[in-house]
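Each chain, written out:
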Amino acid sequence: MRKKRRRRLKLLNLALLIGLAVLTVTLIVGMLIPIKQTVFSNNFKQAVNASSFTNNTNALIESLKTQMLDSWQQEAKEKGVFEEIPKRYQGVTLNSVKPNQSEKIIALTFDDGPWPKYTEKILDILKENNVKGTFFVIGQNLKNFSEIGKRIVSDGHTIANHTWHHWYHKMNSKTAAFEIDATADLIYKTTGVRTTLFRPPGGIVSNGPAGYASSKNYSVIMWSADSIDYKRPTVTRLLRNVTRASKPGGIVLMHDGGGIRDRTVQALPKMIKTFRKQGYKFVTIPEMLEIEDKQLASISKK
Ligand SMILES: [Zn+2]
């Protein structure tokens, strides 16, 4: 008699435990994946029906967890993180936007990484100053320094395409396509981001990759303020190069890879300070396009 009651008590505890665990997992996963909840909850119901409460508790919880994680990962894999670019900029080449006068926005962009030391230092500075930037990465560098590439994204910056080899010469269509597609694939495989932003090496738009990128609806992003940091100017000069050419809606070009970038690293905190003093707000390229797109849309409505 007592044995039976104890057994029942044990079963009750077990049921409670399962209920609690299921609730916890549901809550956590529910918070993590708002995507396609119907699919998820169907899987969930099936899982609960299939396993009666007499089954081993741990096995049940484990199988639920696995199912949830699987469907979550599968969905994330299918969809990727996609920063959609407004339609009016798809297949378009631009070097700045023209926001309303009230919007003093500027985009800091960094080319040729990811690269040890420099990219990492720049990421540290951006983090300290709570600034988000845009990194146009080279495929073969991302392959070699994938952890730094991942950090670009996990720190909240935008990652974008700067070809695989950084070639300047004229390319046939097959090579041009490889330069874009292989880099885009690796960005996706490394960071989960699907990018449709491209910057041509050397700003050359006539040697193949930029044309291919446009045909695939990429936005080809040039710049309006060149730091000319690749010539390794003094910090003062570098800053002057940038501030002289800067305006609201402007895009600043700097480099975090492909050479010695100490000057860029040294100049960056001062640059951020100067822009902030002038009332500028830092945005990523997708944010910048989004802001102008909304403004243009509201004007055309009027
Ligand atoms: Zn470059």
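Note that the structure is a prediction, hence the values are computed from the model and not measured.

**Quick notes on the pairing of strand 4 (residues 134-137)**
Move 1: What you see with strand 4 is no split at all: T134 and F136 on one side and F135 and V137 on the other are buried throughout.
Move 2: Bridge count between strand 3 (residues 105-111) and strand 4: 3 bridges; the pairing is parallel. The residue bridging F110 from the neighbouring strand is F135, located in strand 4.
Move 3: As judged from the 4 bridges shared by strand 4 and strand 5 (residues 158-161), these two strands associate in the parallel manner. Residue pairing across strands places F135 opposite I159, the latter belonging to strand 5.

**Quick word on helix 7 (residues 173-191)**
Move 1: In this model helix 7 runs 27 Å from its N-terminal to its C-terminal C-alpha over 19 residues, within 8% of the 27 Å that 1.5 Å per residue would give.
Move 2: Taken together, the buried positions of helix 7 are A176, A177, E179, I180, A182, T183, A184, L186, I187, Y188, T190 and T191.
Move 3: Directly beyond the C-terminal end of helix 7, a positive phi value near 80 degrees is found at G192.

**A short note on the packing of aromatic side chains**
Move 1: A full pass over the atoms with the stated rule returns 5 aromatic pairs.
Move 2: Ring geometry for F275 against Y280: centres 5.1 Å apart, planes inclined by 80 degrees, an arrangement best described as edge-to-face.
Move 3: Feature note: the residues F275, Y280 and F282 constitute an aromatic cluster, connected by ring pairs.
Move 4: The residue whose ring lies beneath K104 is Y280, and the NZ or CZ to ring-centre distance is 4.9 Å.
Move 5: Geometry around Y188 places R194 over its ring, the cationic atom sitting 3.7 Å from the centre.

**Topic: the pattern of salt bridges**
Move 1: Using the criterion set out here, one finds 7 salt bridges in the structure.
Move 2: In this structure, the salt-bridge partner of D155 is R151, at a minimum N-O distance of 3.0 Å.
Move 3: D155 gets classed as buried once you look at its relative accessible area, which sits at 14%.
Move 4: The structure contains a network of salt bridges with shared partners spanning D124, K127, R151 and D155.

**Let's talk about the side chain of D111**
Move 1: By the element assignment, D111 lies in strand 3.
Move 2: Residue D111 is classed as buried on the basis of its relative accessible area of 3%.
Move 3: For D111, the residues in contact, after removing those within four places along its chain, are F136, H162, R199, L253, M254, H255, D256 and G257.

**Considering helix 6 (residues 146-154)**
Move 1: Within helix 6, the full set of buried residues consists of I148, G149 and I152. The buried residues of helix 6 occupy an angular sector of 105 degrees when projected down its axis, which confines them to one face. Across helix 6 from its buried face, at more than 90 degrees, point the exposed residues E147 and S154.
Move 2: Where the residues of helix 6 are buried, they touch helix 4 (118-128), strand 4, helix 5 (139-144), strand 5 and helix 7.
Move 3: Two residues or fewer after helix 6 comes G156, characterised by a positive phi angle close to 95 degrees.

**Focus: unusual backbone geometry**
Move 1: Here the bond from G113 into P114 is cis, since omega is -5 degrees, no more than 30 degrees from zero.
Move 2: With respect to the helices and strands, the residue P114 is situated in the loop between strand 3 and helix 4.
Move 3: At K117, a residue that is not glycine, the phi angle is positive and equals roughly 70 degrees.
Move 4: Structurally, K117 can be placed in the loop between strand 3 and helix 4.
Move 5: Positive phi values are uncommon outside glycine, yet I228 reaches one of about 50 degrees.
Move 6: You can see I228 is positioned in the loop between strand 9 (225-226) and helix 9 (235-245).

What counts as what
- Residues numbered from 1 in each chain as written.
- Predicted model: local features only at pLDDT ≥ 70, side-chain atom pairs only at ≥ 80, totals over all residues.
- Heavy atoms only, no water.
- Buried < 20%, exposed > 50% of the residue type's maximum accessible area, 1.4 Å probe, protein only.
- Helix = DSSP H or I, 4+ residues; strand = E, 2+ residues; numbered from the N terminus.
- Pairing = 2+ DSSP bridges.
- Expected span 1.5 Å × (residues − 1).
- Phe/Tyr/Trp six-rings, centres within 6.5 Å; stacked < 30°, edge-to-face > 60°.
- Lys NZ or Arg CZ within 6 Å of the ring centre and 35° of its normal.
- Salt bridge = Lys/Arg side-chain N within 4 Å of Asp/Glu carboxyl O.
- Contact = heavy atoms within 4.5 Å.
- Arc of directions from axis to C-beta.

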